[in-house]
Amino acid sequence: MIHSTVSAPKGEKTKYRLAESMKECMKTTPVEEITVRQICEICGVTRQTFYRNFLDKYDLINWYFDKLLTKSFEHMGRGTTVFDSLEKKFTYIQKEKAFFAAAFRYDKQNSLREHDFDLILAFYENLIHEKSGSPVSPEIHFLLEMYCQGSITMTVKWVLTGMDLTPSEFAALLVRAMPEDLKKLFRNLQLLS
């Protein structure tokens with residue numbers, strides 16, 4: 001689990017409990033077949049409570065992923081590198097393998113794949129803007145978009161095929177696969193070693 005419900009802010013404890021219930025359901029049922037009713041029954045809350053916290057089950061999955069991403073990327077730009085942050089992200093994913101394998105199998109509207117792409121692209125663009133003081137150029141945006149799409153595709157493959165590489169090995173490969181112009185930019189911003 002990414003965050004203990006004991007130490008979670010009061011408003012998030014229910015969300016974490018719902019995420020744990022979703023994870024329980026995912027052990028035996030494909031994501032698209034899980035119902036909000038099942039999640040609520042396992043969690044011991046009403047459907048109204050669920051809908052006060054989330055739009056739907058995919059919103060719940062994406063919220064849980066946001067928590068993971070926040071943890072893995074929160075220190076980037078303050079001394080850690082892209083590699084360090086990716087390694088941390090993949091370590092969290094590996095710890096939650098069953099959850100992410102189930103979540104990544106679903107690839108339709110509001111999917112985790114789509115959500116991951118949106119978050120990662122925005123994160124990198126904001127980081128570049130923050131560190132350089134300039135907005136991202138159209139060329140860099142294109143390279144980031146291509147790199148993020150490829151990274152997510154490979155992450156899904158890594159998760160769904162058994163995670164043969166360690167988080168460190170996988171992070172290193174993703175850094176190596178980065179387009180040269182992005183590597184150069186990230187080195188200039190002191191985000192690559």
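Just so we're clear, the structure is a prediction, and the values are computed from it rather than from any experiment.

Undergrad: Which parts of the structure should I look at to understand the packing of helix α8 (residues 138-160) against helix α10 (residues 180-188)?
TA: Each packed pair of helices is defined by two parameters, the angle between the axes and the distance between the axes. The contact between α8 and α10 brings their axes to 10 Å, and the two run at 105°. In this view, α8 runs roughly perpendicular relative to α10, as classed from their interaxial angle. The segment α8 lies against α10, with Glu139, Ile140, Leu143, Leu144 and Tyr147 engaging Asp181, Leu182, Leu185 and Phe186. Of the residues contributing to the contact of α8 with α10, the split by class is seven nonpolar, no polar and two charged.

Undergrad: Is there a simple way to explain helix α5 (residues 82-95) in this structure?
TA: For an α-helix the count is 3.6 residues per turn, leaving residues at separations of three or four pointing the same way. For α5, which comprises 14 residues, the first-to-last C-alpha distance of 20 Å matches the rise-based estimate of 20 Å (1.5 Å per residue) to within 8%. Residues Val82, Ser85, Leu86, Lys89, Phe90, Tyr92 and Ile93 constitute the buried set of α5. Viewed end-on, α5 has its buried residues packed into an arc of 155°, placing them on one side of the element.

Undergrad: Looking at this structure, I do not really get α10. What am I missing?
TA: Turning to α10, its buried residues are Leu182, Lys183, Leu185 and Phe186. Buried residues in α10, looked at end-on, bunch into an arc of 165°, giving them a common side. α10 presents Glu180, Lys184 and Asn188 as exposed residues on the side facing more than 90 degrees away from its buried surface. Once α10 ends, the next one or two residues include Gln190, with phi positive near 60°.

Undergrad: How do you make sense of the packing of aromatic side chains when you look at a structure like this?
TA: By convention here, two paired aromatic rings are described through the distance between centres and the angle between planes. This structure, assessed with the given rule, holds 13 aromatic pairs. Aromatic side chains Tyr16 and Trp63 sit 4.8 Å apart centroid to centroid with 70° between the ring planes, which places their arrangement in the edge-to-face category. Of this pair, Tyr16 sits in helix α1 (residues 10-26) while Trp63 sits in helix α4 (residues 57-73), and the two are 47 residues apart along the sequence. In this pair, the class of Tyr16 matches that of Trp63, namely buried. Geometrically, the ring pair formed by Phe65 and Phe100 is edge-to-face, given 5.8 Å between the ring centres and 70° between the ring planes. On the criterion of sequence distance, the pair formed by Phe65 in helix α4 and Phe100 in helix α6 (residues 97-105) is long-range, its members being 35 residues apart. Of the two residues examined, Phe65 and Phe100, each falls in the buried class. Following the ring pairs from residue to residue traces out a cluster consisting of Tyr16, Phe50, Tyr51, Phe54 and Trp63.

Undergrad: What is the right way to read the side chain of Ser21 from this model?
TA: Looking at the element boundaries, Ser21 is found in helix α1. In terms of polar contacts, Ser21 uses its side chain to reach the backbone amide nitrogen of Cys43, at 3.2 Å. Setting aside its immediate chain neighbours within four residues, Ser21 contacts Ile39, Ile42 and Cys43.

Undergrad: Would you mind showing me how to read the environment of Asp107 here?
TA: Along the chain, the position of Asp107 falls in the loop between α6 and α7 (112-132). Through-space distance from the C-alpha of Asp107 to that of Glu32 is 10.0 Å; in sequence the pair is 75 residues apart.

Undergrad: Help me out: how do you make sense of empty space enclosed by the protein in this one?
TA: By rolling a water-sized probe across the atoms, one finds the places where empty space is left. In total, this model carries one cavity of 30 Å³ or more according to the counting rule given. What the largest cavity holds in volume is close to 80 Å³. What lines the largest cavity is simply Leu86, Lys89, Phe90, Asp116, Ile120, Tyr124, Tyr147, Cys148, Ser151, Ile152, Thr155 and Leu174. Mapped by element, the contributors of at least two residues to the lining of the largest cavity are α5, α7 and α8. A total of five residues in the lining of the largest cavity trace back to one element, the largest contributor, which is α8. Broken down by class, the residue content of the lining of the largest cavity amounts to eight nonpolar, two polar and two charged.

Undergrad: What is the right way to look at the confidence of the model for the protein chain in this model?
TA: Caution is warranted with low-pLDDT regions, since their predicted coordinates should not be read in detail. Residues of the protein chain with pLDDT of at least 70 account for 90%, and the chain-wide mean is 87. Considering only residues more than four positions removed or in separate chains, one finds that residues 1-6, a stretch of pLDDT under 50, has 18 contacts.

The rules behind these values
Residues numbered from 1 in each chain as written. Predicted model: local features only at pLDDT ≥ 70, side-chain atom pairs only at ≥ 80, totals over all residues. Heavy atoms only, no water. Axes fitted to C-alpha atoms, helices over the stretch in contact; angles between N-to-C directions. Helix = DSSP H or I, 4+ residues; strand = E, 2+ residues; numbered from the N terminus. Parallel < 35°, antiparallel > 145°, perpendicular 65-115°, else oblique. Contact = heavy atoms within 4.5 Å. Nonpolar A, V, L, I, M, F, W, Y, C, P; charged D, E, K, R; others polar. Expected span 1.5 Å × (residues − 1). Buried < 20%, exposed > 50% of the residue type's maximum accessible area, 1.4 Å probe, protein only. Arc of directions from axis to C-beta. Phe/Tyr/Trp six-rings, centres within 6.5 Å; stacked < 30°, edge-to-face > 60°. Polar contact = N/O pair within 3.5 Å; in protein donor to acceptor, adjacent residues only side chain to side chain. 1 Å grid on protein atoms, 1.4 Å probe; cavity = no way out; pocket = protein on both sides within 12 Å on 5 of 7 lines; lining within 4 Å. Points joined across faces, edges and corners; volume = space filled by probe spheres on them. pLDDT = per-residue confidence, 0-100.

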